[in-house]
Amino acid sequence: SQTIHQWPATLVQPVGSPLSLECTVEGTSNPNLYWYRQAAGRGLQLLFYSVGIGQISSEVPQNLSASRPQDRQFILSSKKLLLSDSGFYLCAWSGDRGEETQYFGPGTRLLVL
Amino acid sequence: SQQGEEDPQALSIQEGENATMNCSYKTSINNLQWYRQNSGRGLVHLILIRSNEREKHSGRLRVTLDTSKKSSSLLITASRAADTASYFCATGLYGNNRLAFGKGNQVVVIP
């Protein structure tokens, strides 16, 4: 069966520090991968998605970047965090049709102080 | 781009009652999905209904889709305390590789 992992679960970082969040998927090959951000009490904002290694589509211009160095690994990064980067970050995967069902990881709660 | 918008935003009901949530969207879709999120957790897929379907059931869940009104409803029958969560609708467009999520409905089931 397929599983998706995210770490860390919680992160407190100072403004201006770098960020690296990791997401890995097991039990499937060539998944579509997604990074979402969820502000408190709000819906999901799609940040990046990837349909293959090295292929990244950015949905919203911002302080963040994403990379996919391996088939089942998706990394969300920032060189210098802003206060506004605080939120709940969710990774998800789908089959080769991302408009079908997506499967979410447990999320990372990021607090930038 | 299409976007789901749930209504109402918050719902509080007694255990055993039914809970109904609505979702509207703006453009043509291939499918509409409902997800549940428990506090501080990831989203869990509940049900997917395609644009050529009008109603779908899964256990205590009933979803309807009216493409002429661009709206969907999610009914949870005989609610339980464990149904307390936020519920999101999401729309998918064929070939788009993405889902557009609504803002979510918070449902509290009082034991």
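Bear in mind that the values here come from a model prediction, so they are computed numbers and not experimental data.

Caption draft 1: Seen up close, the packing of aromatic side chains. Under the counting rule described, the total for this entry stands at nine aromatic pairs over all chains. Their ring planes at 85 degrees and their centres at 5.5 Å tell us that Tyr36 of chain A and Phe101 of chain B sit as a pair that is edge-to-face. Of this pair, Tyr36 of chain A sits in strand S4 (residues 32-38) while Phe101 of chain B sits in strand S10 (residues 99-101), each in a different chain. With relative accessibility at 0%, the residue Tyr36 of chain A sits in the buried group. Both rings, one in Phe104 of chain A and one in Tyr35 of chain B, keep their centres 5.8 Å apart while their planes meet at 80 degrees; by these two values the pair is edge-to-face. Here the residue Phe104 of chain A occupies a position in strand S10 (residues 103-104), and Tyr35 of chain B occupies one in strand S4 (residues 31-37), the pair thus bridging two chains. Taking the relative accessible area as the measure of exposure, Tyr35 of chain B reaches 0% and is therefore buried. Taken together, the ring pairs in this structure connect Tyr34, Tyr36, Tyr49 and Phe104 of chain A together with Tyr35 and Phe101 of chain B into an aromatic cluster.

Caption draft 2: Representation of the nonpolar core. Of all hydrophobic cores here, the largest spans 21 residues; its most connected members are Met21, Leu32, Trp34, Leu74, Ile76 and Tyr87 of chain B. Elements that contribute at least two residues to this core include exactly strand S3 (19-24), S4, strand S5 (43-50), strand S7 (61-66), strand S8 (71-76), strand S9 (85-92) and strand S11 (105-110) of chain B. Within the second largest apolar cluster, 20 residues are counted, among which are Ile4, Leu76, Cys91 and Leu110 of chain A.

Caption draft 3: Region of the structure containing the interface of chain B and chain A. Each partner contributes residues to the interface: chain B has 24 residues there, and chain A has 24 residues. For the pair chain B and chain A, the summed buried area comes to about 1700 Å², and 49% of that belongs to carbon and sulfur atoms. On inspection of chain B and its partner chain A, the count reaches two salt bridges. A salt bridge links Arg50 of chain B to Glu100 of chain A, with the nearest nitrogen and oxygen atoms 2.8 Å apart. Where chain B touches chain A, the interface holds nine residue pairs in polar contact (both at pLDDT 80 or more).

Caption draft 4: Structural view of the sheet that holds strand S3 (residues 19-26) of chain A. All names here are of chain A. If you trace the four strands from one edge of the open sheet to the other, you get S1-S3-S8-S7, paired in antiparallel fashion. With one partner strand each, in any of the chains shown, strand S1 (3-7) and strand S7 (65-70) form the two edges of the open sheet. On average, each strand axis in the sheet is inclined to that of its neighbour by 20 degrees, with strand direction left out of account. Bridging between S3 and strand S8 (residues 73-78) involves six bridges; their strand directions are antiparallel.

Caption draft 5: Structural context of the environment of Ile47 of chain B. Residues and elements named next belong to chain B. Along the chain, Ile47 falls in strand S5. Since its relative accessible area comes to 4%, Ile47 is described here as buried. Along the primary structure Ile47 and Phe88 are separated by 41 residues, whereas in three dimensions their C-alpha atoms are 11 Å apart. Setting aside residues up to four positions removed in sequence, Ile47 forms contacts with Leu32, Gln33, Trp34, Lys56, His57, Ser58 and Val63.

About the cut-offs
- Residues numbered from 1 in each chain as written.
- Chains lettered and ligands numbered in written order.
- Predicted model: local features only at pLDDT ≥ 70, side-chain atom pairs only at ≥ 80, totals over all residues.
- Heavy atoms only, no water.
- Phe/Tyr/Trp six-rings, centres within 6.5 Å; stacked < 30°, edge-to-face > 60°.
- Helix = DSSP H or I, 4+ residues; strand = E, 2+ residues; numbered from the N terminus.
- Buried < 20%, exposed > 50% of the residue type's maximum accessible area, 1.4 Å probe, protein only.
- Core = buried A, V, L, I, M, F, W, Y, C linked by side-chain atoms within 4.5 Å.
- Contact = heavy atoms within 4.5 Å.
- Buried area = accessible area lost by both parts, 1.4 Å probe.
- Salt bridge = Lys/Arg side-chain N within 4 Å of Asp/Glu carboxyl O.
- Polar contact = N/O pair within 3.5 Å; in protein donor to acceptor, adjacent residues only side chain to side chain.
- Pairing = 2+ DSSP bridges.
- Axes fitted to C-alpha atoms, helices over the stretch in contact; angles between N-to-C directions.

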